[in-house]
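Structural overview for review
Chain by chain, the residues run as shown.
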Amino acid sequence: MSSALLEMRQICMEFPGVKALHNVDLVLNRGEIHAIVGENGAGKSTLIKILAGVHRPSSGTILLDGQKVHITAPHDALARGIGVVYQDRALVPFLTAEENMLLGREPTRFGVLDRAAIKARATDTLNMMGLSVPLDKPVSDMRAGDQQLVEIAKIVMLEPRIMVLDEPTAPLSRHEVEALFSLLGRFRDRGIGIIYISHHLDEIFQIADTVTILRNGEVAATGPTSSFTKETMIRHMIDRDLKQQYVKETVEIGEEVLRVDNLTSSEAGITDVSISVR
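Predicted model only: the values in this text are computed from it and were never measured.

1. Thoughts on the pairing of strand 1 (residues 4–15)
- Direction of pairing for strand 1 relative to strand 2 (residues 18–29): antiparallel, over a ladder of eight bridges. Looking at the pairing, Phe15 lines up with Val18 of strand 2.
- The antiparallel pairing of strand 1 with strand 2 creates a hairpin that spans two residues between the two strands, and Gly17 there sits at a positive phi of about 80°.
- Pairing analysis gives five bridges linking strand 1 to strand 4 (residues 59–64), with the strands arranged antiparallel. Its bridge partner lying in strand 4, Leu6 is registered against Leu64.

See the structure below:
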């Protein structure tokens, strides 16, 4: 049996006046972390939104376990075992973390929400992830990192066969990133296919088995992560050496345009911060 869990073949996507994707191929194997990298606008988010049923491709074929499928809507993707953690979080702000994690799938008892079961399932999931968040707190009152963990936990609870993460570590602390990478490693060992999108190339080299590089809506390169260096990866992304993109010049520092003195915010988690910008 082929190890290919997912194949996206010759995927094209056109919006009015814009060709977002052109003949993009992507193969995701069982038990593989496959990274997708590229500059902003390269087509990464469009590609995963096609997989998630948000967009329908202009042309191309999607196969799951070797069988051609038509993913018509997000609920169709979920039913097929495809779970996506988007860069823009989709949480209900006035609901608690545990309520968001089980939204639409709440356990009931005699026709009434089973609050104890909701808390128990949410707690078990976070314990399995090696992380913790205040479960009974509205997500609007939570820091960005905790909100991201809730978003990831929502997908983990669905036990997907394919897990897609779009820039998942941006709001996370170092400890949370390490816990997430450990979780992804365990999922990989269980045969789950993971698509991982990040601008942080160090993360790609740390966890990804395979890399596909998009540039201007097309595949610029693909292969084992070990076959790339950071420099060659960037070259494929921008179609030139990095040193050609930036020129360092000596300039005169001007007058102060912004000053912040002793800024404190318990909601943002900062205390006594001062900064001056010229």
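Having seen it, we continue.
2. Regarding the sheet that holds strand 6 (residues 82–85)
- One open sheet accounts for six strands, arranged 6-9-10-3-11-12; its pairing is mixed. The open sheet terminates on both sides in strands that have one partner only, identified here as strand 6 and strand 12 (218–224). Pairwise comparison of adjacent strand axes, ignoring direction, gives a mean angle of 15° for this sheet.
- Across the sheet, helix 5 (residues 144–157) touches strand 6 and strand 9 (162–166), and the angle it forms with strand 6 is around 175°.
- Running over the sheet, helix 6 (residues 174–189) touches strand 3 (33–37), strand 9 and strand 10 (193–197) and is turned about 145° from strand 10.

3. Thoughts on the side chain of Gln147
- By the element assignment, Gln147 lies in helix 5.
- For Gln147, the side chain forms a polar contact with the main-chain oxygen of Val139, separated by 2.8 Å.
- Looking at Gln147, its side chain comes within polar contact range of the main-chain oxygen of Met142, at 3.1 Å.
- The contact partners of Gln147, leaving out residues within four places of it in the chain, are Arg89, Leu91, Val139, Ser140 and Met142.

Conventions adopted
Residues numbered from 1 in each chain as written. Predicted model: local features only at pLDDT ≥ 70, side-chain atom pairs only at ≥ 80, totals over all residues. Heavy atoms only, no water. Pairing = 2+ DSSP bridges. Helix = DSSP H or I, 4+ residues; strand = E, 2+ residues; numbered from the N terminus. Axes fitted to C-alpha atoms, helices over the stretch in contact; angles between N-to-C directions. Contact = heavy atoms within 4.5 Å. Polar contact = N/O pair within 3.5 Å; in protein donor to acceptor, adjacent residues only side chain to side chain.

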